Amino acid sequence: MLTRLLLILLPILLPFALYLAYYLVTRRARSESEGAMREEDLPWIERGPWAWLFLSGVVLAGIAMGIFSSNSGPAPGDSLVPPSYQPKVLDNTDID
């Protein structure tokens, strides 16, 4: 589940989060200097480049999955040893 989150969801949402942060930081300065504007008069960045944001997120997710698939797993010829539980041995250490 965490792998899916880090490899697919995070790269797709990252451009949207960066755009939202940019918009929130610069919103007040634009609204005070320009006043109310119609949507046709808004700059292209405020109308929202949603398709480009989604496309860049998909590209980032593809890059992340490519890097993960090329770097994960054991090298060819390595032997895999499954983990095993070794209980701790308790000694009788009563002091008289």
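Just so we're clear, the structure is a prediction, and the values are computed from it rather than from any experiment.

Engineer: If you had to explain the overall build of the protein chain to someone new, which residues and values would you point to?
Structural biologist: Of regular secondary structure, the protein chain possesses 3 helices and 0 strands. When each of the 96 residues of the protein chain is scored for burial, the buried share is 14%. Sequence-distant contacts in the protein chain: of pairs separated by 6 or more residues, those separated by 24 or more amount to 78%. As displayed, the protein chain has an accessible area near 8500 Å², and 65% of this comes from carbon and sulfur atoms.

Engineer: Can you break down helix α3 (residues 50–71) residue by residue, with the values?
Structural biologist: For α3, spanning 22 residues, the distance from its first C-alpha to its last is 32 Å, which sits close to the expected 32 Å at 1.5 Å a residue. Residues of α3 that are buried include every one of L53, G57, A61 and A64, and no others. Looking down the long axis of α3, one finds its buried residues gathered within 75° of arc, a one-sided arrangement. What points out from α3, more than 90 degrees from its buried face, is the exposed set A51, W52, S69 and S70. Positive backbone phi, at 90°, marks G73, one or two positions downstream of α3.

Engineer: Now, about the environment of I67: what can you tell me, with residues and values included?
Structural biologist: Relative to the helices and strands, I67 resides in helix α3. Taking the C-alpha atoms as reference points, I67 and L7, 60 residues apart in sequence, are found 9.7 Å from one another.

Engineer: Can you lay out a nonpolar patch on the surface for me, pointing to particular residues and giving the numbers?
Structural biologist: Side chains of L14, L18, W52, L55, V59, L60, I63 and I67 sit close together on the surface and give an oily, nonpolar patch of about 790 Å² of accessible area. Those elements that place two or more of their residues in the nonpolar patch are α1 (2–34) and α3. Of the residues forming the nonpolar patch, the biggest block, 6 residues, is contributed by α3. Here W52 falls in the exposed class, since its relative accessible area comes to 63%.

Engineer: Quick rundown of the environment of S69? Include the residues and the values.
Structural biologist: Structurally, the position occupied by S69 is in helix α3. Here G66 takes part through its backbone oxygen, which lies 3.1 Å from a polar atom of the side chain of S69.

Engineer: Report on the confidence of the model for the protein chain, specifying residues and quantitative values.
Structural biologist: Here the protein chain averages 78 in pLDDT, while 74% of its residues score no lower than 70. Within the protein chain, α3 carries the highest mean pLDDT (85), whereas helix α2 (residues 44–47) carries the lowest (63).

Engineer: Any chance you could break down the environment of S56 for me, citing the residues and the numbers?
Structural biologist: Along the polypeptide, S56 turns up in helix α3. It is 7.5 Å that separates the C-alpha atoms of S56 and I12, two residues lying 44 residues apart in sequence.

Procedures and definitions
- Residues numbered from 1 in each chain as written.
- Predicted model: local features only at pLDDT ≥ 70, side-chain atom pairs only at ≥ 80, totals over all residues.
- Heavy atoms only, no water.
- Helix = DSSP H or I, 4+ residues; strand = E, 2+ residues; numbered from the N terminus.
- Buried < 20%, exposed > 50% of the residue type's maximum accessible area, 1.4 Å probe, protein only.
- Contact = heavy atoms within 4.5 Å.
- Areas by Shrake-Rupley, 256 points an atom, 1.4 Å probe, with all protein chains shown as cover.
- Expected span 1.5 Å × (residues − 1).
- Arc of directions from axis to C-beta.
- Patch = residues over 30% accessible without salt bridge, like charges linked within 9 Å, V, L, I, M, F, W, Y side chains within 5 Å.
- Salt bridge = Lys/Arg side-chain N within 4 Å of Asp/Glu carboxyl O.
- Polar contact = N/O pair within 3.5 Å; in protein donor to acceptor, adjacent residues only side chain to side chain.
- pLDDT = per-residue confidence, 0-100.

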